[in-house]
Amino acid sequence: MRRIEAKARPLQDMHILHVNSTYYGGGVSQILASMTLLMNNLGIQTGWRVVHGPPDFFSVTKKFHNALQGAEINLTRRKKVIYERVVHENAIRNHLDHDVIFVHDPQPLPLITHYRKKCPWVWRCHIDLSTPNAEAWNYLAPFIEQYDAVILSCKEYRQDLATPQVIFLPAIDPFSIVNQELSESAVDERLAHYDIPTDLPLIVQISRFDRWKDPEGVLRAFELARKKEECTLVLVGNVATDDPEGAEVYRSLLSHRGERVIILSVQDGALVNALQRRAAVVLQKSIREGFGLTVSEAMWKGAAVIGGNVGGIRYQIQDGVNGFLVSSVDEAAERIVQILRDPDLGQRLGRAAHETVREHFLITRTIEHYLDLIGSFEPEFRLSGEPRDLMAGDLPEEQNQVAAMPPQ
Ligand code: UDP
């Protein structure tokens, strides 16, 4: 904390802005909700604005999101016109006179084209960019290259860009509603409120209803596992305002509902917290994942977590040490059964998981990364030093090791 306060001191009274596309639902809004308050606490005036748009705008931007994660896209002129027009309208409404501007994800990306540049602009991409669709990337890259720096979540996401790229692994706020301490009775109360049975071990996945989170794979893994060990599956998701596919994915799952398969679409951080604390196994069986805050959230609570062996999940889970990484439905089912049959194993993984988050994935580290970056812009908005140096910065040795850890 003292180190963070010292780094914030020279930045006092700076005026910083974050722009994204939703106030709730999804990891970006979780991070911004905590980070903007903490930055103000440090004496840095930090604001948060959200771009607005009609449903067809968010339908187009979700297609860009999917394409950046590797899906096909039919990139018509109409899509480009909707995207660029709505962002232009947002630029007209938003009068920006800040000292540094952070723009998150593709939705508000072209904003930069509508301002006379008077400060550094940074594009913060939270998406899994390991295999972006080339057509979508080629269309978006000229916008990205107008920025002074790009922040990515993992080094595998680096692209061939003229703009410097720095790596910040995201992190969780241990005092948010999703993560704060919860008494056993408060956990009981939340689960009872939604009629979630607790007589059998709970297998839980908490995610926006999004195909990349592989809810169908979770259902299939659960069906295989329950043939060997009795358990209850709880799938909880919310729908972010910038994700128009959520409702459809949710509806497509409903036929699987049953006495032992609970599927809920609710916005309730305390329920997320309660489930992560009570679960015998927390799954995050994503097939693409920029980072996956839900993984660190569950690990913080000492849960036994099984994650898809992709993207940012690989930086949080070390297979067999603080959780399990899986690459198929069968593997996920096997790991569920293994943990259910050996509660000591679950506890051991959970203890190591909590320690991993304590050391590497608390929001203080993210704050420090942002302070380092803000403090590194020179006149002309160039970053001082190599981006790699910036990453290493003054971070404690063990954090650098995580950033450098090769994916398994
Ligand atoms: N979340 C929530 N309720 C839900 C599902 C998710 O509050 O029903 C929160 C979750 O706790 C996490 C965030 O939304 O903080 C999701 O972030 P993550 O990085 O896991 O995924 P994203 O949605 O950004 O792809």
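It should be emphasised that the depicted structure is a prediction, and the values quoted were computed from it without experimental measurement.

Some words on helix α7 (residues 215-226)
With 12 residues, α7 ought to run about 16 Å at 1.5 Å a step, and its terminal C-alpha atoms sit 16 Å apart, in line with that. All of the buried residues in α7 are Pro215, Gly217, Val218, Leu219, Ala221, Phe222 and Ala225. Of the surrounding elements, those touching the buried residues of α7 are β7 (202-206), β8 (232-237), α8 (246-253), β9 (261-265), β10 (281-284) and α12 (329-341).

Section: the site of the ligand
Close contacts around the ligand come from 18 residues, with Gly27, Arg208, Lys213, Leu293 and Glu297 the closest. One of the side-chain N or O atoms of Arg208 is found 2.7 Å from an oxygen atom in the ligand. In this structure, an oxygen atom belonging to the ligand sits 2.5 Å away from a side-chain N or O atom of Glu297. Counting atoms within 2 Å of the grid points, the majority share of the ligand lands in the largest pocket. Broken down by secondary-structure element, the contributors of at least two residues to the shell around the ligand are α2 (27-41), β8 and α10 (293-300).

Quick word on the layout of surface pockets
The volume enclosed by the largest pocket comes to roughly 860 Å³. Around the largest pocket, the lining is made up of 48 residues, and of these Gly25, Gly26, Gly27, Val28 and Arg208 lie nearest the centre. Of all the secondary-structure elements, those providing two or more residues to the lining of the largest pocket are α2, α3 (55-68), β8, α9 (269-278) and α10. Grouping the amino acids of the lining of the largest pocket by side-chain chemistry returns 14 nonpolar, 23 polar and 11 charged.

Quick look at the sheet that holds β10
Each strand in a sheet pairs with its neighbour through backbone hydrogen bonds, running either in the same direction (parallel) or in the opposite one (antiparallel). One open sheet holds the 6 strands; their spatial order is β9-β8-β7-β10-β11-β12, and the pairing between them is parallel. Edge positions in the open sheet fall to β9 and β12 (324-326), since each of these has one partner strand only. Strand after strand, the sheet turns through a mean of 20° between neighbouring axes, direction not considered. Bridging between strand β11 (residues 305-308) and β12 involves 3 bridges; their strand directions are parallel.

Section: the sheet that holds strand β1 (residues 15-20)
Pairing is parallel in the open sheet, where 6 strands are placed in the order β2-β1-β3-β4-β5-β6. Both edges of this open sheet fall to β2 (45-50) and β6 (165-167), since each of them pairs with a single strand only. Adjacent strand axes in the sheet meet at a mean angle of 20°, parallel and antiparallel pairs treated alike. Relative to β2, β1 runs parallel, the two sharing 6 bridges. Paired with His15 across the two strands is Gln45, which belongs to β2.

Observations concerning empty space enclosed by the protein
Summed over all chains, the structure comprises 4 cavities of 30 Å³ or more. One number sums up the size of the second largest cavity: a volume of about 80 Å³. Counting only elements with at least two residues in the lining of the second largest cavity, the list comes to α2 and α10. Take the lining of the second largest cavity: its biggest share by element is 3 residues, from α2.

Considering the nonpolar core
By size, the foremost hydrophobic cluster in this structure holds 81 residues, and its most contacted members are Tyr83, Trp121, Ile196 and Leu275. In terms of residue count, the dominant contributor to this core is helix α5 (residues 134-144) (7 residues). Apart from the residues lying within four places of it in its own chain, the contact partners of Ile196 are Leu191, Leu202, Val234, Ile262, Leu264, Leu271 and Leu275. Grouped together as the second largest cluster of nonpolar side chains are 30 residues, Leu235, Val261, Ile263 and Ala333 included.

A few points about the side chain of Gln165
If you trace the backbone, Gln165 turns up in strand β6. Of note is the side chain of Gln165, whose polar atom sits 2.7 Å from the backbone oxygen of Gln159.

Some remarks on the pattern of salt bridges
Under the defined criterion, the tally for this structure stands at 23 salt bridges. Here Glu245 and Lys62 are joined by a salt bridge, their closest N and O atoms 3.5 Å apart. Highlighted residues: Glu245 in the loop between β8 and α8 and Lys62 in helix α3, separated in sequence by 183 residues. The class for Glu245 is partly exposed, based on a relative accessible area of 25%. We classify Lys62 as buried; its relative accessible area is 4%. The partner of Lys285 in a salt bridge is Asp214, with the nearest N and O atoms 2.8 Å apart.

Quick notes on the confidence of the model for the protein
Interpreting fine coordinate detail is not advised for predicted regions of low pLDDT. Looking at the protein, the pLDDT average stands at 93 and 94% of residues meet or exceed 70. A low-confidence stretch, residues 388-408 (pLDDT under 50), is modelled with 44 contacts involving residues beyond four sequence positions or located in other chains.

Focus: α9
Side chains that are three or four residues apart share a direction in an α-helix, a result of its 3.6 residues per turn. Within α9, 7 of the 10 residues are buried, which leaves the element mostly enclosed by the surrounding structure. Three or more residues of α9 are buried, namely Gly269, Leu271, Val272, Asn273, Ala274, Leu275 and Gln276. Summarising the contacts, the buried residues of α9 are in contact with α6 (184-193), β7, β8, β9, β10 and α10. Residue Asp268 occupies the N-cap position of α9, its side-chain oxygen lying 3.0 Å from the main-chain nitrogen of Ala270.

Here is what the cut-offs are and how they apply
- Residues numbered from 1 in each chain as written.
- Predicted model: local features only at pLDDT ≥ 70, side-chain atom pairs only at ≥ 80, totals over all residues.
- Heavy atoms only, no water.
- Helix = DSSP H or I, 4+ residues; strand = E, 2+ residues; numbered from the N terminus.
- Expected span 1.5 Å × (residues − 1).
- Buried < 20%, exposed > 50% of the residue type's maximum accessible area, 1.4 Å probe, protein only.
- Contact = heavy atoms within 4.5 Å.
- Near = heavy atom within 4 Å.
- Polar contact = N/O pair within 3.5 Å; in protein donor to acceptor, adjacent residues only side chain to side chain.
- 1 Å grid on protein atoms, 1.4 Å probe; cavity = no way out; pocket = protein on both sides within 12 Å on 5 of 7 lines; lining within 4 Å.
- Sits in = over half its atoms within 2 Å of the grid points.
- Points joined across faces, edges and corners; volume = space filled by probe spheres on them.
- Nonpolar A, V, L, I, M, F, W, Y, C, P; charged D, E, K, R; others polar.
- Pairing = 2+ DSSP bridges.
- Axes fitted to C-alpha atoms, helices over the stretch in contact; angles between N-to-C directions.
- Core = buried A, V, L, I, M, F, W, Y, C linked by side-chain atoms within 4.5 Å.
- Salt bridge = Lys/Arg side-chain N within 4 Å of Asp/Glu carboxyl O.
- pLDDT = per-residue confidence, 0-100.

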